[in-house]
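So you can see what is in the structure, the chains are spelled out below.
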Amino acid sequence: MSAPTDSDLWPDVQPEAARRLMLAGLQSFAERGYHATTTRDVATAAGMSPAALYVYFPSKAALLFEISRTGHQKTLDLVEDSLAHQGSSTDKMRYFVRVFVAWHARKHTIARVVQYELRSLPEAEYDKVRAQRRRIEDSVRQLIGDGVRAGEFDVPDLKTMATAVLSLGVDVARWYSEHTRKTPEELGAEYAELVLRMLRAA
């Protein structure tokens, strides 16, 4: 697994030391799993002392929460941007799936940690992230519902279909790597057409 060194993951996180710790935490959680990772592992990967982590994050759980919260916020931003996209519901869904799948492929390391370490969060933090997930699901359901009402989609159950659309994109992070033959953009385009067939788009 390649180390996530993307400088654009958390462009607004300041100071630089906090961003380094988040990148180091992401790398460590991806390689070892949350429970097997120690604060010393994270600090060492960041080139800092273990005590330095607590200057910016009060605990290992707080670090995971910030990684998870920002990852889910990125997904929510993608959905809301798609709802504001010009065109029909079909155009909006095609746009959403393309960028959603491409992001999960390109940022597969953070996507895996965000999705598969979710249950490691303390209850209060988990509830906050779960509220973000509900907003994401509600927005996708709204997009599908708009298409149904416009006569563009034909689906029996909005909630089930919204879950299916999101699950397809999220699962890309599980298997995608830099060695995959198709680029994130190519994969996004293929998945977009697959989802429109699922929705029985006119």
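These figures come from a predicted structure and were not determined experimentally.

### A few points about the overall build of the protein
A tally of regular secondary structure across the protein gives 9 helices and 0 strands. Written out in order from the N terminus, the α and β elements of the protein read α-α-α-α-α-α-α-α-α. Whereas a compact globule of 202 residues would reach a radius of gyration of roughly 17 Å, the protein reaches 18 Å, a difference of no more than 12%. In terms of principal-axis extent, the alpha carbons of the protein reach across some 60 × 40 × 25 Å. The 202 residues of the protein split such that 49% are buried. In the protein, the proportion of contacts linking residues at least 24 apart, taken out of those at least 6 apart, comes to 68%. Of note, the protein has its 27 positive side-chain charges centred 2 Å away from the centre of its 27 negative side-chain charges.

### Things to note about the confidence of the model for the protein
Detailed reading of the predicted coordinates is not advisable wherever pLDDT is low. Across the protein, pLDDT averages 89, with 94% of residues at or above 70. Mean pLDDT across the elements of the protein ranges from a minimum in helix 6 (residues 108-116), with 88, to a maximum in helix 9 (residues 184-198), with 96. In the predicted structure, residues 1-7 sits below a pLDDT of 50 and forms 14 contacts with residues beyond four places in sequence or in another chain.

### Quick notes on the side chain of serine 68
By the secondary structure assignment, serine 68 is in helix 4 (residues 60-83). If sequence neighbours within four positions are ignored, serine 68 has contacts with Val114, Leu118, Leu121 and Val129.

### Concerning the packing of helix 8 (residues 158-175) against helix 9
Where helix 8 contacts helix 9, the axes come no closer than 11 Å and their chain directions differ by 155°. The angle between the axes of helix 8 and helix 9 places the two elements in the roughly antiparallel class. In this structure, helix 8 meets helix 9 at a crossing whose hand is right-handed. Note on element contacts: helix 9 touches helix 8 through Leu187, Tyr191, Leu194, Val195 and Met198, opposite Met161, Ala164, Val165, Leu168, Val172 and Trp175. Taken together, the residues that form the contact of helix 8 with helix 9 break down as 11 nonpolar, no polar and no charged.

### Overview of the environment of leucine 53
Mapped onto the secondary structure, leucine 53 falls in helix 3 (residues 50-56). The class for leucine 53 is buried, based on a relative accessible area of 1%. Those residues within four positions of leucine 53 in sequence are excluded, and the remaining contacts are Leu21, Thr39, Val42, Ser59 and Leu63.

### Quick notes on the packing of helix 4 against helix 5 (residues 89-106)
Packing of helix 4 against helix 5 leaves a shortest axis separation of 8 Å and a crossing angle of 160°. With respect to each other, helix 4 and helix 5 are oriented roughly antiparallel. Relative to helix 5, the crossing made by helix 4 is right-handed. For the pair formed by helix 4 and helix 5, the contact residues are Gly71, Lys74, Thr75, Leu78, Val79, Asp81, Ser82 and Leu83 on the first element and Lys92, Tyr95, Phe96, Val99, Phe100, Trp103 and His104 on the second. Of the residues contributing to the contact of helix 4 with helix 5, the split by class is 8 nonpolar, 4 polar and 3 charged.

Calculation criteria
Residues numbered from 1 in each chain as written. Predicted model: local features only at pLDDT ≥ 70, side-chain atom pairs only at ≥ 80, totals over all residues. Heavy atoms only, no water. Helix = DSSP H or I, 4+ residues; strand = E, 2+ residues; numbered from the N terminus. Rg over C-alpha atoms; globule rule 2.2 N^0.38 Å. Buried < 20%, exposed > 50% of the residue type's maximum accessible area, 1.4 Å probe, protein only. Contact = heavy atoms within 4.5 Å. Lys, Arg positive; Asp, Glu negative; His and termini not counted. Charge placed at Lys NZ, Arg CZ, Asp CG, Glu CD. pLDDT = per-residue confidence, 0-100. Axes fitted to C-alpha atoms, helices over the stretch in contact; angles between N-to-C directions. Parallel < 35°, antiparallel > 145°, perpendicular 65-115°, else oblique. Left-handed = near helix turned anticlockwise from the far one by under 90°. Nonpolar A, V, L, I, M, F, W, Y, C, P; charged D, E, K, R; others polar.

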